[in-house]
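A look at the structure
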Amino acid sequence: MELPYLPKGRIILYVPENNEFMMAAKKAAQELSLDPEHPTGAVLVQNGEVLGRGANGSEYHQKHGCERKRRNIPTGQQYALCPGCDPVNHAERRVIASILQKGNKCPTDTDMYLWGHWWCCQWCWEAIIEAGIRNVYLLEGARERFETRR
């Protein structure tokens, strides 16, 4: 499957919805996301243990809506049009921040599980690579399930 963005040398791995870590990412989306229309959650896992949780969204969308959505801008494009869509509000970056806020560094053998989206944007991949995260796992059938999301 062709993705809108994938850094050279990286791949996306897929797991079923009943995978315990994908279920944890879905739970993070349900509990932590500030975007009720398109909740996205992520967890960082090392040696079978969840180290951090994060989810997307911002209060900006709740107060003002989404400028990209109003203009029908496709996913991954023109994030600068909407402060709520800024990559700092993406689940991938938020879960990394959850580890850093604890004063820890992401271990290099950490994996990320992402529920609610079907790819990672360039800015999130840069954060994933910089943090030393080994693998990114998405839900099997994620594109069919989540492609219409912004």
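Okay, so let's go over this structure. Within each chain, residues carry numbers counting from 1 in the order of the written sequence. Local features in a predicted model are, by the rule used here, given only for residues with pLDDT of at least 70; side-chain atom pairs are given and counted only at 80 or more, and totals for whole chains, interfaces and linings are based on all residues. No hydrogens and no water enter the side-chain calculation; it runs on all heavy atoms of the structure.

Once that is clear, we can look at the pairing of strand E5 (residues 135-139). Taking burial as the measure, the five residues of E5 include five buried ones, the bulk of the element. Examined bridge by bridge, strand E1 (residues 12-15) and E5 share four bridges and lie parallel to one another. Pairing of Ile12 across the sheet is with Val136, part of E5. DSSP-based pairing: two strands are paired if at least 2 bridges between them are found. By definition, any uninterrupted DSSP run of H or I lasting at least four residues is a helix, any uninterrupted run of E lasting at least two residues is a strand, and each is numbered from the N terminus. One ladder, built from four bridges, connects strand E4 (residues 111-115) with E5; its direction is parallel. Across the sheet, Asp111 pairs through a bridge with Asn135, a residue of E5. Each residue is assigned to one of three classes by its accessible area relative to the maximum for its type, calculated with a 1.4 Å probe on protein chains only: buried under 20%, partly exposed between the two thresholds, exposed over 50%.

Strand order in the open sheet made by the five strands is E1-E5-E4-E2-E3, with mixed pairing throughout. For this open sheet the edge positions go to E1 and strand E3 (49-55), each flanked by a neighbour on one side alone. Between one strand axis and the next, the sheet turns through 25° on average, direction left out of account. Whether two residues are in contact is decided by their heavy atoms: any pair within 4.5 Å suffices. All axes are obtained by fitting lines to C-alpha atoms, using only the stretch in contact for helices, and the reported angles, taken between N-to-C directions, cover 0 to 180 degrees. Against the sheet, helix H4 (residues 91-100) touches strand E2 (41-46), E3 and E4, its axis set at about 130° to E3.

Here we take up helix H5 (residues 122-131). If you check which residues of H5 are buried, you get Cys124, Trp125, Ala127, Ile128 and Ala131. One side of H5 holds all its buried residues, which, seen down the axis, span an arc of 160°. For H5, the secondary structure elements touched by its buried residues are E1, H4, E4 and E5. Positive backbone phi, approximately 80°, marks Gly132, located one or two places after H5. An arc is given here, and it is the one of the directions from the helix axis to the C-beta atoms.

Okay, the state of the cysteines next. In this description, the term disulfide denotes a pair of cysteine sulfurs within 2.5 Å. All told, the structure shown has zero disulfides when counted by the stated rule. For the unlinked cysteine Cys120, the closest cysteine sulfur is that of Cys124, found at 6.4 Å. Owing to a relative accessible area of 1%, Cys120 belongs among the buried residues under this scheme. Cysteine Cys121 shares no disulfide, and the gap to the nearest cysteine sulfur, in Cys124, comes to 3.7 Å. Classification of Cys121 by relative accessible area gives buried; the value is 3%.

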